[in-house]
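The lines below spell out each chain.
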Amino acid sequence: MLEELLNGMGRLRSTLDAVHPWLTPAAGLLVLLIAVTVVDIVARRRLKAIARMLARQTAARWDDAFVEYKVFARLAHLVTAAAIYFGVNLVPGLGTSPLAVIQNVAVAYGVLSIVRSVSAALSAINHLYESGGHVSQRPIKGYVQVLKIILYCVGAILMMSALIDKSPVILLSGFGAMTAVLLLVFKDTILSLVASVQLGSLDMIRVGDWIEMPQLNADGDVIDVALHTVRVQNWDKTITTIPTHKLISESFMNWRGMQDSGGRRIKRSLRLDQRSVRFLTGDEIDRFKRFVLLKEYIVSKQAELDAYNAGLSEHTSEDVNTRKLTNLGTLRAYLINYLRHHPKIHQGMTLLVRQLQPDAEGLPIEVYCFSATTAWADYEAIQADIFDHLLAILPEFGLSVFQSVGGQDLSKMHVGARD
């Protein structure tokens, strides 16, 4: 009876094949699709489980990054491609041409899976590099992007060769005529690649650097260095995006040297009324000797002047023939000692108080030194503290600040004229 049943099923299949010749391969393809779907789900779940187990059991960080960027999940699709490639041979009644097309698609799908997995691995490597603290010194994001472009170009060539069942060499030989077009299309990419190599090899810019590029309205911290663009967060929290090649073709200022030195320059002048400059009297000299910051200067300078004046052969009784201490020179000596004893001034860098060229707006006295910190807010506070003290101490030396006549001054002049 079983034999008769099998014979009946065989005759039924022969009848169906004669009437609907596509039914058997279609059923086989449907079974293959279901089987491949099951294989894909199982492969992805098993690879994810194995990857997570390894990530928990090992102290290395690379496996955690690979799991986060789904490297193993994308690699699981390679198993699916292999199942399609070998499973399609088991489909009955499938012709040679459909078999070749499906296998070519499976190979192309496998190549795509490998490309996406390698791309995810490159992203994970870049993440590990940045989390290790190296990004501020030598960012590799631009190089990773270049490798991804090359990877996808090679992958596209291999996929096309698999789909048309031709050697990749044939496709590459046809690209020779397209070189000019490719150079035009990838002009910005090539320029950015060259610029990225120069920026990296010469260490011209890092993430975290403060740069100024007024022609592109950039003034702030570098927050990202990529292949095509460099992003700068300005002080008003806006974002300026600069083409990478612009940093090579145009000039910009990088404040990293100042930040690395540990000191930030203070270079500011105060204009004094030249009419208030005069010689010190004897009482003033005695009073300044009681200043801790001036005692040594007054004693040594007075000894120097006395020795000079004693060497004069005649007319020493006339003030015009002798050298004397001035209130301006004493102020400069005071400021120098004040800065040398200031706890927030960098003592290992240039420190001086100098006169600049006098003009119609007074005599500029410039303070040139470096703060012991590079933090912006602290730097401004230190600079303001120095000039607060300078303005407040000027009357002690009989000096006054020069400033243009204002409305209040004119009102006083009119009142005085009426009186």
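See the structure above.
The rules behind the values
- Residues numbered from 1 in each chain as written.
- Predicted model: local features only at pLDDT ≥ 70, side-chain atom pairs only at ≥ 80, totals over all residues.
- Heavy atoms only, no water.
- Helix = DSSP H or I, 4+ residues; strand = E, 2+ residues; numbered from the N terminus.
- Buried < 20%, exposed > 50% of the residue type's maximum accessible area, 1.4 Å probe, protein only.
- Contact = heavy atoms within 4.5 Å.
- Patch = residues over 30% accessible without salt bridge, like charges linked within 9 Å, V, L, I, M, F, W, Y side chains within 5 Å.
- Areas by Shrake-Rupley, 256 points an atom, 1.4 Å probe, with all protein chains shown as cover.
- Salt bridge = Lys/Arg side-chain N within 4 Å of Asp/Glu carboxyl O.
- Lys, Arg positive; Asp, Glu negative; His and termini not counted.
- Charge placed at Lys NZ, Arg CZ, Asp CG, Glu CD.
- Pairing = 2+ DSSP bridges.
- Axes fitted to C-alpha atoms, helices over the stretch in contact; angles between N-to-C directions.
- Parallel < 35°, antiparallel > 145°, perpendicular 65-115°, else oblique.
- Nonpolar A, V, L, I, M, F, W, Y, C, P; charged D, E, K, R; others polar.
- Expected span 1.5 Å × (residues − 1).

The next subject is the environment of Leu32. Tracing the backbone through its elements, the reader meets Leu32 in helix H2 (residues 23-57). Note on Leu32: relative accessible area 14%, which makes it buried. Sequence separation between Leu32 and Ala83 is 51 residues; the distance between their C-alpha atoms is 8.8 Å. What Leu32 contacts, discounting residues up to four positions off in sequence, is Ala83, Gly87, Val88 and Val91.

Bringing a positive patch on the surface into the picture now. Together, Arg45, Lys48, Arg52 and Lys70 make up a positively charged patch on the protein surface. With respect to the helices and strands, the residue Arg45 is situated in helix H2.

In this section: the sheet that holds strand E5 (residues 253-254). Overall, antiparallel pairing links the five strands, which are arranged E4-E3-E2-E1-E5 in an open sheet. The open sheet is flanked by strand E4 (239-243) and E5, the only strands paired with a single partner.

Running from N to C, helix H4 (residues 71-87) and helix H5 (residues 96-131) cross one another at 170°; their axes reach a closest spacing of 8 Å. Considering their axes alone, H4 and H5 lie roughly antiparallel with respect to each other. Here Val71, Arg74, Leu75, His77, Leu78, Thr80, Ala81, Ile84 and Tyr85 of H4 come into contact with H5, specifically with Ile102, Gln103, Ala106, Val107, Tyr109, Gly110, Ser113, Ile114, Arg116, Ser117, Ala120 and Ala121. When grouped by side-chain class, the residues that make up the contact of H4 with H5 number 13 nonpolar, six polar and two charged.

Another point: H4. Compared with an ideal rise of 1.5 Å per residue, which puts 17 residues at 24 Å, H4 spans 25 Å between its outermost C-alpha atoms and is within 8% of the ideal. Here H4 has its buried residues at Val71, Ala73, Ala76, His77, Thr80, Ala81 and Gly87.

Function cannot be read off these values alone, since they describe shape.
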